[in-house]
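# An overview of the molecular structure
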Amino acid sequence: MNIMSSVTEKLRNMTKKDVAAWMMNNAIFIVLVVLLLVIISISPDFVSINNFRNILSQASTRIIIALGVGGLIITQGTDLSAGRMVGLSAVISASLLQAPGYAYRMYPNLNLLPINPDEPAFQILLPILLAASITAIFGLINGFIIAKLNVTPFITTLGTMIIIYGVNSIYFDRPPYGAQPIGGLDPRYMKFAQGSIYIGDFAVPYLVIYAAIVTVLIWVLWNKTRFGKNIYAVGGNPEAAVVSGVSLVKTLLIVYTLAGFLYGFAGSLEAARVGSATNNTGNMYELDAIAACVVGGVSFSGGIGTVAGVVTGVLIFQVINYGLAFIGVNPYLQYIIKGLIIITAVAIDTRKYLKKK
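The paragraphs below set out a description of the structure included in this document. Note that this is a predicted model, so its numbers are computed, not measured.

Moving on, we come to the overall build of the protein chain. Looking only at helices and strands, the protein chain has 15 helices and two strands in total. Evaluated residue by residue, the protein chain yields a buried proportion of 46% over its 357 residues. Look at the contacts in the protein chain between residues 6 or more apart in sequence, and 79% of them connect residues 24 or more apart. For the protein chain, the computed accessible surface area is about 18000 Å², with 67% contributed by carbon and sulfur atoms.

Structure, rendered in structure tokens:
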């Protein structure tokens, strides 16, 4: 009763200005909740355990990508090359992890992995780590250009986005089979992403577990380490951070390299989840990640953002995406809706920032 009385008293004491401020700060969430309610009213079957599981599975790789992008936005950066790194990693992983008996293997004589299907699943990790390391190098290049050459993140990552797509396309479109989807993946690789662990009768997808592990690690990194404090310091006020002894170059190099590694890991999982990969895998994923971060409260003004906010933003977007497809909304109209959400979220973020100033 005391708690209810306290809440009631606070609501009574809220002025019109307070209510307006609350609605402004939470406007994007209100819009998304309304949109979700519309989806449920059109198709009540949308609310089901199976749909919930599918949404979580599809959101898992997006969460990993968004956590990489989120760290960059906190430092007042961005990354337009994220989606292309996802695609590069997906193609590399898939090409190295095709089933031994598949007729159209990119590397027919590759004996990197044991043929015995009873071998432990961890033996597929070497190609995955290789792919993630390659995208981490591209992330390092992004960080070097931004930190040392003082090129803006937008232009830097726009350029590397095009370069990475070109590199991936050259690798993908190789003779003798040319530009065809890389399929016939090793069953162990497929199970690594598509498998589930059962808790009673409820199946928890492996992808959800991987995303949860990455989320916890990034939360610890952002909140419990000196490096995490440096990220927020650089994003909040770069000049003050440097005066305080923070290495701007080192911080940016690490945060961009880490982001590249996360994109690569997510790309490997995405290829196995879908069952194939092409040079267009991951296209536009960076925009979804950026939008999810902004919706989740990561500010382009820098120095503001939480892991919980990033994860919440991804889940909200994934629910909306899945829901719109579930009720049969035209895919092109879905792009328009997502674009409006992005513009609205950034506009609200900018207005909040200007008010603070």
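Here the narrative resumes, following the displayed structure.
In total, this model carries three salt bridges according to the counting rule given. The closest approach of N and O atoms between R62 and D288, which form a salt bridge, is 2.9 Å. Here R62 is found in helix α4 (residues 49-74), whereas its partner D288 is found in helix α13 (residues 285-295), with 226 residues between them in sequence. Of the two residues, R62 and D288, both sit in the buried class. Between D186 and R188 there is a salt bridge, with the nearest N and O atoms lying 2.8 Å from each other. R188 matches D186 in its accessibility class, with the two residues each being buried.

The next point concerns the packing of aromatic side chains. Applying the stated criterion to the full structure yields eight aromatic pairs. When the ring of F192 is compared with that of Y210, the centres are 4.8 Å apart and the planes differ by 25 degrees; the resulting orientation is stacked. With F192 in helix α8 (residues 187-194) and Y210 in helix α9 (residues 206-224), the pair connects residues that are 18 residues apart, well separated along the chain. Of the two residues, F192 and Y210, both sit in the buried class. Directly above the ring of F202 sits R53, whose terminal nitrogen or CZ lies 5.2 Å from the centroid. Here R62 stacks its cationic end above the ring of Y285, 3.8 Å away from the centre of that ring.

We now examine the nonpolar core. Nonpolar side chains tend to gather and get buried jointly when the protein is soluble and globular. Formed by 85 residues in total, the largest nonpolar core has its most connected members in I65, V69, Y189 and Y263. Those residues in contact with V69 that lie beyond four places of it in its chain are A82, Y263, A289, I290 and C293.

Before going further, it helps to spend a moment on α4. Bending of α4 peaks at approximately 35 degrees at the position of S60. Just downstream of α4 lies Q76, where phi reads positive at about 70 degrees.

Moving on to the pairing of strand β2 (residues 202-205). As defined by bridge partners, strand β1 (residues 196-199) adjoins β2 across four bridges and the pair is classed as antiparallel. Among the inter-strand pairings, Y198 is bridged to a residue of β2, identified as A203. As consecutive antiparallel partners, β1 and β2 are separated by two residues, and within that stretch G200 has a phi angle of approximately 70 degrees, a positive value.

To continue, consider the packing of α4 against helix α12 (residues 248-274). It is at 8 Å that the axes of α4 and α12 come closest, and there the two elements cross at 170 degrees. One element, α4, and the other, α12, form an angle in the roughly antiparallel class. As for the relative orientation of α4 and α12, their crossing is left-handed in sense. On α12, the residues touching S57, Q58, T61, I64, I65, L67, G68, V69, G71 and L72 of α4 are V255, Y256, A259, L262, Y263, F265, A266, L269, E270 and R273. Of the residues in the contact of α4 with α12, the class split is 13 nonpolar, five polar and two charged.

Definitions and limits used
Residues numbered from 1 in each chain as written. Predicted model: local features only at pLDDT ≥ 70, side-chain atom pairs only at ≥ 80, totals over all residues. Heavy atoms only, no water. Helix = DSSP H or I, 4+ residues; strand = E, 2+ residues; numbered from the N terminus. Buried < 20%, exposed > 50% of the residue type's maximum accessible area, 1.4 Å probe, protein only. Contact = heavy atoms within 4.5 Å. Areas by Shrake-Rupley, 256 points an atom, 1.4 Å probe, with all protein chains shown as cover. Salt bridge = Lys/Arg side-chain N within 4 Å of Asp/Glu carboxyl O. Phe/Tyr/Trp six-rings, centres within 6.5 Å; stacked < 30°, edge-to-face > 60°. Lys NZ or Arg CZ within 6 Å of the ring centre and 35° of its normal. Core = buried A, V, L, I, M, F, W, Y, C linked by side-chain atoms within 4.5 Å. Bend = angle between axes of the 7 residues up to and from the residue. Pairing = 2+ DSSP bridges. Axes fitted to C-alpha atoms, helices over the stretch in contact; angles between N-to-C directions. Parallel < 35°, antiparallel > 145°, perpendicular 65-115°, else oblique. Left-handed = near helix turned anticlockwise from the far one by under 90°. Nonpolar A, V, L, I, M, F, W, Y, C, P; charged D, E, K, R; others polar.

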